[in-house]
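Here is what each chain is made of, one letter per residue.
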Amino acid sequence: MSLNHQLDQLPEPDPQEVAEWLASVDGAVGAVGPQRTGRLLQRVVDHARQVGVPLPPQSVTPYVNTIPTSAEPAYPGDEAMEARITAWNRWNAAVMVTRGNERGGLGGHMATYASAAWLYEVGFQHFFKGKDADGSGDQLYIQGHASPGVYARAFLEGRLNETELDRFRMEAGGGGLPSYPHPRRLPWLWEFPTVSMGLGPLSAIYQARFNRYLHHRGIKDTSHSHVWAFLGDGEMDEPESMAALALAVREELDNLTFVVNCNLQRLDGPVRGNFKIMQELEARFRATGWNVVKVPWGVEWDGLLAADADGLLLNALDTLPDGQLQTFAARDGAYIRERLFTGALAGLARPYSDEDLARIVGTSRGGHEPRKIHAAYRAALDHRGAPTVVMVQTVKGWTLGPGFESRNANHQMKKLSGKEFRVMRDLLALPIPDARLGEDLVPYAHPGADSEEVAYLQEHRRALGGPAPARRVVARPLPAPADKPFAALAKGSGNQAIATTTAFVRLAKDLMREKETGPRWVPVVPDEARTFGMESLFPSAGIYSPKGQTYEPVDRDQLLYYKESTNGQILNEGITEAGSLASFTAAATSYATHGEPMIPFYIFYSMFGWQRTADQFWALADQLGRGFVVGATAGRTTMTGEGLQHADGHSHLIASTNPACLPYDPAFAYEVGVIVREGLRRMHGEAPEDVFYYLTVYNETKIQPPMPQAEGIEAGILRGLYRYRPAAAAAADVPRLQLVASGTAIHWILRAQELLATDWHVAADVWSAPSWTLLRREAMEAEAQGRTPYVTGALAEAPGPVVAVSDWMRAVPDQIAPWVPQQWTSMGTDGFGLSDSRDNVRRHFGVDAESIVVHTLRTLAARGDVEPDVPELAARHYGLTGKE
């Protein structure tokens, strides 16, 4: 529907006035043509906005700089000096990658930093605050492929030496530089892992929001911290890149700036060969409400644009596809004149030589001029009430030579030849003699520790609060919580049946009341708090909102009403697992980013957490996050009414692949308490570890027993295995076996234990296995060290075969099979889930108590421990004929 049809629905008090305005537009088109009329109308609209006329946002502006040269603020630095500093960094970044490939074919990327060098240098010299600045300094999300440039700058600063540069991508044995920003591999430099495309922008938004959260809750003054995210234009195709744009506007995150390097190329070719990526992104950001600053052109374009009285060149630029603009950067002026300045535009180019046109149209891009970048960054910081995206056009591979610049293959080009380095040296005017370029490996270059360049660089960094990027951790252990909340779970639930989900929520609620550590808990929920029984936290803890609560909630007269608050503790993120995990990551790494240890717990449908966001969990581990991840409504058979897509039988298998994750599948409430208590000690005690916990909890209500008083129960819970209920005393000739389960399956094997004893005179010990994965990891470590694994020793004296049962696919318990000394067999829920009652679905998968009994008897019959006909008698007895 057009806007005219929409306006037809509204009363019009003066139709004649409308007709006169429309006639004026018609007259202008007839007199000066549509291009000129468009420019006139644009000026009218711009003026109307300036005087306060409320108009809908304009989605796309002309393909020129948002800030004209005449409006640029004075540049605060010595441009010549900064050009020399940038030249050294360009050189050493290219040398580092080339040397690595000459010696070992290590790969690396040169073209991204070459195009974006000034985007970083202007920031490092004049904007990016270090850790010693007010608050926590700025948070920098560096584009992953630009890492060589950051290493080169650290070398110039004296934070890295030549030996370390020569260990780029050589991390085995320690002392090497990781290929991309990896905090786990280089924790003193990198704060944020960003090379998983799309996760950087998503994480940056939630980091900026978490900064506000800390400030509003009075935990840390972050009002001077700014989040900068450097992104590639091709990276913006990732759904995660654009997923949270609305959140940033809704919460007015003017502490956030995206810098999108529009070098028009992705890994294989143009980002938008037939279209215009900068205009497309502008429309999407503006439509969401972001402040947009575009920097496509360098200052040399000013003369051409000033002479474009009729707007013909502007119209041509608006319609020129990016693929052609990329080609202009690699061709000569004659080609540009023939393809662009034709017809009515020919006269515009006549005053310029072919060399001028090649320089202006081909390579004069805003991203290669510090004044343009400085003006854009200044505008971003000065803007209030919304985040800013700065879109800067560059040439990919800029200064690496004509064989490199703007070529489709330059992302895969890993080294320069000696001849190409000479061309680069001359272009950058670096004082490197030819004699040094004759070496087998091209040398690094440095102006000297007491040079003017280094002094200038270090002076500017001191003024901005120290080096950046930088990661700093100051030990700040949290006091251990009181015993009372854990003692309550250890006592069991008496006659009340409760789910382990409920047990965890009650524990969290009690811990959030702790005087010292309570405020540091950060509940993160993807709009499922009521599903997980967390609504009791709403009025007491509050849901964080920077607006507070501007409405009266519909349930205000109820005890557990929906309460939003500026100092609310709960982060209720809406229906977004990706956003929730980004929030969790910001909280889980606050101990380093802000020097404020927080205790986040992120609770979600177990099916939708790891499966949807496993890459983010890897980034969480890379960023050394600490916290509790809680997979609620866990297992394949406990949420059966919801059906296949809600039935999780594999998240523990995915979690097991993450070395920083400590996965647990607790069976009882007391196990939950023991695990959480140990997690607080390991993550926030005197010797904190960079790990996070994954707990799966269930919505199935059961009587929660008290914790057994036998020696070693807590240690067994934490290590992953302990004997929960031995078999009742039986005659020596009674067949024996061991039943092992985790999570809700413990109840199936407890029932099976009873049936085996009463119906078939078989004695079974019942074991709880809270963590199959930790048992496996310890066993592999023990095997490598030549000692007996814990699981082997724990089961060593246990008679009979071992039958493992879980609500997960069999591959989960099968992790420990190689180290179990007895005959091993497992039962699980392999395959797709389905909708039905719990009993019917468990019978379908063959994991209910009766199926376990039949399976166990068949195992014993195969060993000769029971008569061969017993299993089939049992199957008929339980109505399982033809089933396991």
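Before going into details, it helps to say that this report is about the structure given with it. (Residues numbered from 1 in each chain as written. Predicted model: local features only at pLDDT ≥ 70, side-chain atom pairs only at ≥ 80, totals over all residues. Heavy atoms only, no water.)

### Re the sheet that holds strand β3 (residues 256-262)
As a reminder of what qualifies: Here the rule is simple: two strands pair whenever DSSP picks up at least two bridges between them. Secondary structure elements follow DSSP: runs of H or I of four or more residues count as helices, runs of E of two or more count as strands, with numbering from the N terminus. Working convention: axes come from line fits to C-alpha atoms, limited for helices to the stretch in contact. Angles between N-to-C directions cover 0 to 180 degrees. Residue contacts are counted whenever heavy atoms from the two residues lie within 4.5 Å of one another.
With respect to topology, five strands assemble into an open sheet ordered β1-β2-β3-β5-β4, the strand pairing being parallel. What marks the edges here is a single partner per strand, and that holds for β1 (139-141) and β4 (291-295). On average, each strand axis in the sheet is inclined to that of its neighbour by 15 degrees, with strand direction left out of account. Where strand β2 (residues 227-232) and β3 come together, six bridges link them in parallel fashion. Each residue of the ladder has a partner; that of L231, found in β3, is V260. Contacts between helix α17 (residues 370-382) and the sheet are confined to β2, β3, β4 and β5 (388-393), with β4 contributing the most and set at about 175 degrees to the helix.

### Structural notes on the pattern of salt bridges
For clarity, the threshold we go by: The salt bridge definition used is simple: a Lys or Arg side-chain nitrogen within 4 Å of an Asp or Glu carboxyl oxygen. Three labels apply to residues, based on accessible area from a 1.4 Å probe with only protein chains included: buried if under 20% of the type maximum, exposed if over 50%, partly exposed otherwise in between.
Tallying each qualifying case throughout the model produces 51 salt bridges. Among the salt bridges present, the one from R84 reaches E453, with a minimum N-O distance of 3.2 Å. On the criterion of sequence distance, the pair formed by R84 in helix α3 (residues 79-104) and E453 in helix α19 (residues 452-463) is long-range, its members being 369 residues apart. Relative accessible area serves as the criterion here: at 10%, E453 is assigned to the buried category. Across the pair D254 and R212 runs a salt bridge, and its minimum N-O distance is 2.4 Å. Of this pair, D254 sits in the loop between α9 (245-250) and β3 while R212 is found in helix α7 (residues 199-216), placing the two residues 42 residues apart along the sequence. Here D254 and R212 have matching classes, each one buried. A single network of salt bridges, built from pairs that share partners, joins D237, R266, R272, E280 and R284.

### Quick word on the sheet that holds strand β20 (residues 824-827)
Pairing is mixed across the open sheet formed by five strands, whose spatial order is β16-β18-β17-β19-β20. This sheet does not close on itself; its edge strands, each paired only once, are β16 (722-725) and β20. Between one strand and the next, the sheet's axes are offset by a mean angle of 30 degrees, whatever the strand orientation. Across four bridges, the pairing between strand β17 (residues 736-741) and strand β19 (residues 802-805) is parallel. Its bridge partner lying in β19, V740 is registered against A804. Contacts from helix α29 (residues 745-760) reach β16, β17, β18 (763-768) and β19 within the one sheet, and its direction differs from that of β18 by about 170 degrees. Where helix α33 (residues 849-863) meets the sheet, its contacts fall on β17, β19 and β20, and the angle it forms with β20 comes to roughly 160 degrees.

### Looking at unusual backbone geometry
Geometrically, the link from A468 to P469 is a cis peptide bond, its omega value of -5 degrees lying close to zero. Although it is not a glycine, E252 sits at a positive phi angle of roughly 55 degrees. For A429, which is not glycine, the phi torsion reads 55 degrees and is therefore positive. One can find A429 in the loop between α18 (418-428) and α19.

### Observations concerning the packing of aromatic side chains
What characterises a pair of aromatic rings is the spacing of the ring centres plus the angle enclosed by the ring planes. As a reminder of what qualifies: Aromatic pairing here means that ring centres of Phe, Tyr or Trp (its six-membered ring) are within 6.5 Å. Orientation follows from the plane angle: under 30 degrees is stacked, over 60 is edge-to-face, and everything else is tilted.
Following the criterion strictly, the structure yields 38 aromatic pairs and no others. Judged by centre distance (5.5 Å) and plane angle (80 degrees), the rings of F127 and Y377 are edge-to-face. Of this pair, F127 sits in the loop between α4 (111-126) and β1 while Y377 sits in helix α17, placing them 250 residues apart in sequence. Under the relative-accessibility criterion, F127 is labelled buried at 3%. Judged by its relative accessible area of 0%, Y377 falls in the buried class. With a centroid separation of 5.7 Å and an interplanar angle of 80 degrees, the aromatic rings of F128 and F230 are classed as edge-to-face. Note that F128 is positioned in the loop between α4 and β1 and F230 in strand β2, a separation of 102 residues in sequence.

Geometry only, nothing functional implied.
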